[in-house]
Amino acid sequence: TNQERGVSQSIMRPAAGELQILLIMKKVSAAALLITLHSVAGLNCRTFVSCPKTRLYSVAVLEETATEATKAAKTPGPTRFDALKKKYKGFKTATVVEDIGFSYEEFDVAVQATTYAFGRNDVVSGTTVQYDKGGAIVDIGAKASAFLPLAEAALLQPQGALIEDLVELDQQIDVQIISEEDENGQLLVSVRRIQYRAAWDAVTAMQLEDEAFHAEVIAVNRGGAICLVQGLRAFLPGSHLTGQLPTDDLVGQKLPLKFLEVNPETNKLVVSNRRAVVEMQMSDLSRGDIIEGVVKALKPYGAFIEVGGMSGLLHISQISYDRIDDLEKVLQPGDKVKCMIIDHDKVNGRIALSTKTLEAEPGDMLKDKAKVFEMAEQTAAKYHERMEAERKAREEAAKDIVLGLGDSLDDLGVDDDLSDPLAGVSDDLDSVLN
């Protein structure tokens, strides 16, 4: 029509300096199309919108359509192998269905009817099934397996130990429940707490027996040392160390110990090395033995001598038969001496010492104490012989006194019947009543 012809002419009219390439295609559906004028040789480009009735299309649109058709033609479709791969669900094994005696519904009812009564601090038996990060999984028969942390795997854990070093797989162990169920129904369990209570029970039994034992020193501090007793940390005061100081050299040594205090309620465990050493040595000591010691301190009433960890008193009256006016002129702290045991208290670990019993002549300790210590064994042997002779002499004297009393009674002619004031008394009840 004239109207369409006029619109076409208005669209076909190019601007100055531009090239418009238009293509009129027949039998093509009328649609909104972007008409683009491509610049040629550096010319500008202008875009027009065609009228649905003009049937005018841009060459660029036709080229783009041809390019997409070419790409679609070059893209291959799915092959037979791709179809088979898409349908493949993996290797399937043959399943043999046997009669197990119950159905899934019956199994579900049985599971729902089963009760799991696990409370905090309960001790149950379980089996370690696998290692997990920072612990192990333990099957205790609950709805979910319990978790055993590394810190709760054992009471004694070497430095740098792993869970594999403390717990074996497929091992049946007793564990204590230490938590409530989490959102997944899992419980935390502990082996260390069971071993901790068992250690206190063992320590309490050892205290009742009151026997000496050996323990390793694992650390030292200003006040003493820390020992490991049945897996528990025990404090050893420095004042109860025998012949040693609480230094780093003590770490790793095993010392004989005895308990001073055991209190599970306050977790207080105190031990003594001196008490164990004293009792061990006291069992081998007796009166008259010659021992060597070191002067530790001087007092107005005597000197304290350290003998193998024990402290013995050398009283000033037992140093010499002669009178001593100034003790410091005879002994000095640090002097090595030989003494004779004249008395001991095994319960309290005390011993009484003497050097005057080692004097060949009275006053030798004041004149030449070195000679006294050199001849101590020979002098002590003579002293024992003299004491034995004196003992026998006393026994003979006592025997003579008893025999002399008997002869005196015979000389007095005392009647044996009269010697009994109840000789005439009858046991008959009638005689007593009459």
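Residues numbered from 1 in each chain as written. Predicted model: local features only at pLDDT ≥ 70, side-chain atom pairs only at ≥ 80, totals over all residues. Heavy atoms only, no water.

Before going further, it helps to spend a moment on the overall build of the chain. Summing up its helical and strand segments, the chain has 11 helices and 19 strands in all. Counting only residues that meet the buried cut, the chain has 29% of its 434 residues in that class. Here the contacts in the chain between residues at least 6 apart in sequence split such that 56% fall between residues at least 24 apart. As presented, the chain carries roughly 29600 Å² of accessible surface, and 53% of it is formed by carbon and sulfur atoms. (Helix = DSSP H or I, 4+ residues; strand = E, 2+ residues; numbered from the N terminus. Buried < 20%, exposed > 50% of the residue type's maximum accessible area, 1.4 Å probe, protein only. Contact = heavy atoms within 4.5 Å. Areas by Shrake-Rupley, 256 points an atom, 1.4 Å probe, with all protein chains shown as cover.)

A few words on the nonpolar core. With 28 residues, the main nonpolar core has Ile305, Ile319 and Leu353 as its most contacted residues. Within the residue set of this core, elements represented by two or more residues are helix H7 (273-282), strand E15 (290-299), strand E16 (302-307), strand E17 (310-315), strand E18 (336-345), strand E19 (350-354), helix H9 (369-374) and helix H10 (376-412). For this core, the leading source of residues is E18, giving four residues. The contact partners of Ile305, leaving out residues within four places of it in the chain, are Gly293, Val294, Val295, Met310, Ser311, Gly312, Leu314, Val337 and Leu353. Val203, Phe213, Cys227 and Val271 belong to the second largest nonpolar core, which has 21 residues in total. (Core = buried A, V, L, I, M, F, W, Y, C linked by side-chain atoms within 4.5 Å.)

Only one face of E17 is buried: it carries Met310, Gly312 and Leu314, and the other face, with Ser311, Leu313 and His315, is open. With six bridges connecting them, E16 and E17 associate as antiparallel partners. Bridging from a neighbouring strand, Val307 pairs with Met310 of E17. Where E17 lies against E19, three bridges are found, and the strand directions are parallel. (Pairing = 2+ DSSP bridges.)

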